[in-house]
Amino acid sequence: MKGPVYLNEKTGVVVIGATGREASQVIRESETLYPGIVKAGVTPGKGGSTELPVPVFDTLSQSLQDPKIGNSINTALIYVPPVSVLDAVMECLDGGIKVIYVITEHVPIRDSEIIYQEKVRRGAVIVGGTSLGCFVPSVGRIGAIGGKDPSIAFKAGGLVIISKSGGLTVTTAEMFRRRGWGTYCALAIGGDIISNTTYADVLAELKDDPNVKGVVMLGEPGGSYEEQAAEMIQAGGFNKPVAAFISGRFQERMPEGVAFGHAGAIVERGMGKASDKIARLEVAGKNHPVKVAFYYHELVSAIESLGVPRDFEDSVTDHVKPLYSTIS
Amino acid sequence: MKLYEHEALESIYKKYKIPSPRFVFATEPNDKVREFVEKEPAVVIKSMVLVGKRGKAGAVKVVSDKVQAIDVFKDLASREVYGEKSIGALVAEKLDIKKEFYLSVTYSTKDRAPAIIFSEHGGMDVEDINPSLIHTHVVKDVRSVYPYQIRNFLVEIGFSDSDLLRPLSELIVNVYNAFWQTEARLLEINPLVVAQVADKKKLVAADAVVLLDDDASVSPAVRYGARGGMGRPLTQREQDAILIDQGDHRGKAGSYVELDGDVALMTFGGGGSTVTAETAIEAGLRIANLTDIGGNPPAEKMYKIARIILSKPGLKAVLVCGGTASNTRIDVTLGEGLAKALDDMKAEGKLNPDLVWVVRRSGPEYVKGLRMLHECFVRNGIRGEIYDSQLPITEAPLRLRELMIKHIAYKPEDIA
């Protein structure tokens, strides 16, 4: 089968909250770029609407019972307001959907916790909240990731990009694409405290996938998901090259008491700070192919030095000149 | 959002039956404070600030002399603690402390679940407690937590005082319920004291740290008022910035945190903004602010935030930097909003001509947007360089550093 569990040639998407501003734009764009991935939309009260290029239903259950498309739906993309996310996720889980993306930002932590416990109980895959979606150039995309013209950033290759920040997922794909590396799968996992899909979850999922040539991991302060990935690699759970960049060291230089740190840092004493995450990954790097970039753009040289082969010819090699200059 | 201690005591501890000392909060030593001091043999007075480690800063004092107590109250109610101005002081009964425990409830990302953290060795900073003396009970089923589970946990960790087993287990469940029902991120009691009251031992929460989830189903800002994350009141620019997004949900331009430096940041997207600020700092640039603009704001929002960012005195340079936007229109934000702000500031004589600029941006209509901004630079005599996404995002601050050293003899900070 082409593509990982997150997005593959069998993926059929139902969008929950489909007629909202952002969701309807994403559906139109995605159907233009990669027709056929989105099968249906759901918005209570908008059933039967023809405003979208896919059929719209009042309930998820109706879409799953539709004789034409019902059987092809196996993935949900959630765009409802924060306080409705728990309801939407439960609707999907109860409908038997096993892969769910929560795009919504600012989901209450308490709801995220209930969602996580339900996900574990039912053995589902949930990405997010605050995910931007997933891009698999050989298959297509889920969500807004890459915008109207994803070809600037995405070309098929061997890298897996995992990032809490959605914007940086695309920025990173583009930086590598301009220097000869393509993407196998880019996944914006979101930066919520309770994350349903962590770096370690993705590494475990993809550890035996022959398409993966290397991983680029973008981390942030707070929580311990980066450390968990480092521990997993160190324990032999993932053997392919991993280049990591952890942002947020500067927050440690802010004045005493500044409330940047996450509550999680208190639990896992010494964990949560960017510098601790970096140190933990560097320890894993002693006996495993792991490199931590000091500057974000040094991820490129890290991937190169780890021996991940380029997928195509360099498009940028020289010192980049400004488009415009008014200073001499 | 972090609550002041008196807010936590008044609105959360009372409701969830978490025992606290008798107390009065006031902004000045009023009649209530005087009455309270008269009645108590000795009192504890604390500055009400959001910053932690008040004790170490001398902002917590025990006083038994009644006249002195009023002076101490005056001092602590108005002093600055680590640069944060007190909003008042809290005066509480002095407890006869026999033991000090540590108790908190927060989310553990390791377990992706709420965790109850307890130590019999409280009273000091949690970081200073020997890790082997701190015990964690992970809440596996968030909707059913009973005291018996906590008693099992306490027995398992060898909790020494069997008289306290039942009251402590019940108190911990109350604290957990407060955490869960108020949608907190952290509820910390340090110390949780065992106090001698007449011939009885009593558990009393002698401090209250409560961090509420900003994304809670009812926003804490509605109940407690908006509050900056910097442990200080908002500056005028920060307040002005908040107004930009109020009542207008098209994109987000109103995030602005003011810092001491001289390099203004106009950065886009959460991740992009963070790595840009980070690189600027690592490169020794003293940044003047943090910001995070995104979600395709209209030109007028960009106009307003640009003017706020550029109004800070003493700026030497500006970095306009973002990744390849998926959604945000570059012609609208940079070509219209930012350019108009620069045109108007120039016309009003408020544009500093010595500023050095670096722009790095891509996304929808970027060719047009960057060209429009360039034309604006030319007509206003602004000095700088404009890049698209061929330049890796974090090379932009390094490029700005080079230009500043070359053109204005800037001396970057030595970070290492």
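Residues numbered from 1 in each chain as written. Chains lettered and ligands numbered in written order. Predicted model: local features only at pLDDT ≥ 70, side-chain atom pairs only at ≥ 80, totals over all residues. Heavy atoms only, no water.

Caption draft 1: Representation of the overall build of chain B within the structure. Of the regular secondary structure elements, chain B holds twelve helices and 18 strands. Seen along its three principal axes, the alpha-carbon backbone of chain B occupies a region of about 85 × 50 × 45 Å. For chain B, buried positions account for 57% of its 416 residues. In chain B, once contacts between residues fewer than 6 apart in sequence are set aside, the share between residues at least 24 apart is 71%. Carbon and sulfur atoms form 49% of the exposed surface of chain B, whose accessible area is close to 17,200 Å². A gap of 1 Å separates the mean positions of the 56 positive and 58 negative side-chain charges of chain B. (Helix = DSSP H or I, 4+ residues; strand = E, 2+ residues; numbered from the N terminus. Buried < 20%, exposed > 50% of the residue type's maximum accessible area, 1.4 Å probe, protein only. Contact = heavy atoms within 4.5 Å. Areas by Shrake-Rupley, 256 points an atom, 1.4 Å probe, with all protein chains shown as cover. Lys, Arg positive; Asp, Glu negative; His and termini not counted. Charge placed at Lys NZ, Arg CZ, Asp CG, Glu CD.)

Caption draft 2: Broad picture of the sheet that holds strand E9 (residues 156-163) of chain A. Residue and element names in this part refer to chain A. One open sheet accounts for seven strands, arranged E8-E7-E10-E9-E11-E12-E13; its pairing is mixed. In this open sheet, the two strands that pair with only one neighbour each are strand E8 (140-143) and strand E13 (290-292). On average, each strand axis in the sheet is inclined to that of its neighbour by 15 degrees, with strand direction left out of account. Sheet strands in contact with helix H9 (residues 274-287) are strand E11 (214-219), strand E12 (242-246) and E13, and its direction is about 150 degrees off that of E13. (Pairing = 2+ DSSP bridges. Axes fitted to C-alpha atoms, helices over the stretch in contact; angles between N-to-C directions.)

Caption draft 3: Structural context of the domain arrangement of chain B. Residue and element names in this part refer to chain B. Along its sequence, chain B is carved into domain 1 (22-93), domain 2 (97-212) and domain 3 (234-408). Of the residues lining the interface, four residues belong to domain 1; the matching set on domain 2 comes to five residues. Carbon and sulfur atoms supply 9% of the area that domain 1 and domain 2 bury against each other, a total of about 260 Å² over both sides. Summed over the shared surface of domain 1 and domain 2, the result is two salt bridges. As a salt-bridge pair, Asp207 and Lys46 come within 4.0 Å of each other at their nearest N and O atoms. The interface formed by domain 1 and domain 2 holds two residue pairs in polar contact (both at pLDDT 80 or more) in total. (Domains from an automatic or database assignment. Buried area = accessible area lost by both parts, 1.4 Å probe. Salt bridge = Lys/Arg side-chain N within 4 Å of Asp/Glu carboxyl O. Polar contact = N/O pair within 3.5 Å; in protein donor to acceptor, adjacent residues only side chain to side chain.)

Caption draft 4: Examining helix H5 (residues 165-181) of chain B more closely. Residue and element names in this part refer to chain B. Spanning 17 residues, H5 covers 24 Å between terminal C-alpha atoms, matching the ideal 24 Å at 1.5 Å per step. Within H5, the full set of buried residues consists of Leu165, Leu168, Ser169, Leu171, Ile172, Val173, Val175, Tyr176, Ala178, Phe179 and Trp180. Immediately beyond the C-terminal end of H5, within one or two residues, lies Glu183, with a positive phi of roughly 60 degrees. (Expected span 1.5 Å × (residues − 1).)

Caption draft 5: Seen up close, the sheet that holds strand E3 (residues 60-63) of chain B. Residue and element names in this part refer to chain B. Taken in spatial order, the four strands of this open sheet run E1-E6-E2-E3, and their pairing is antiparallel. The sheet is open, and its two borders are formed by strand E1 (23-26) and E3, each paired with just one other strand. Each strand of the sheet is rotated relative to its neighbour by a mean of 20 degrees, with strand direction disregarded. In terms of strand pairing, E1 meets strand E6 (residues 89-93) through four bridges, oriented antiparallel.

Caption draft 6: The pairing of strand E16 (residues 317-324) of chain B, seen in detail. Across the eight residues of E16 of chain B, eight count as buried, placing the element largely inside the fold. Remark: the E16 of chain B/helix H10 (residues 330-347) of chain B/strand E17 (residues 356-362) of chain B crossover connection has right-handed handedness. (Right-handed = clockwise from strand over helix to strand, strands pointing away.)

Caption draft 7: The arrangement of the packing of helix H7 (residues 236-245) of chain B against helix H9 (residues 299-310) of chain B in detail. All names here are of chain B. As a packed pair, H7 and H9 sit with axes 10 Å apart at the nearest point and diverge in direction by 175 degrees. In terms of their interaxial angle, H7 and H9 are classed as roughly antiparallel. On the side of H7, the interface is formed by Arg237, Asp240, Ala241, Ile244 and Asp245, while H9 contributes Lys301, Lys304, Ile305 and Ile308. When grouped by side-chain class, the residues that make up the contact of H7 with H9 number four nonpolar, no polar and five charged. (Parallel < 35°, antiparallel > 145°, perpendicular 65-115°, else oblique. Nonpolar A, V, L, I, M, F, W, Y, C, P; charged D, E, K, R; others polar.)

Caption draft 8: Broad picture of the pairing of strand E18 (residues 383-387) of chain B. With four of five residues buried, E18 of chain B lies mostly within the body of the structure. Pairing of strand E14 (residues 324-325) of chain A with E18 of chain B, which is carried by two bridges, proceeds in the antiparallel orientation. Pairing of Tyr324 of chain A across the sheet is with Ile386 of chain B, part of E18 of chain B. Alignment of E17 of chain B against E18 of chain B, held across five bridges, turns out to be parallel. Paired with Val359 of chain B across the bridge in E18 of chain B is Ile386 of chain B. The parallel pair E17 of chain B and E18 of chain B, bridged by helix H11 (residues 366-380) of chain B, forms a crossover whose chirality is right-handed.

Caption draft 9: Helix H3 (residues 66-78) of chain B, seen in detail. Residue and element names in this part refer to chain B. An ideal rise of 1.5 Å per residue puts 18 Å on 13 residues; H3 measures up with 19 Å between its terminal C-alpha atoms. When H3 is considered as a whole, its buried residues turn out to be Ala69, Ile70, Val72, Phe73, Leu76 and Ala77. Buried residues of H3 fall within an arc of 165 degrees about the axis and therefore sit on the same side. Here the buried face of H3 lies against E1, helix H2 (31-39), strand E2 (43-47), E3 and E6. (Arc of directions from axis to C-beta.)

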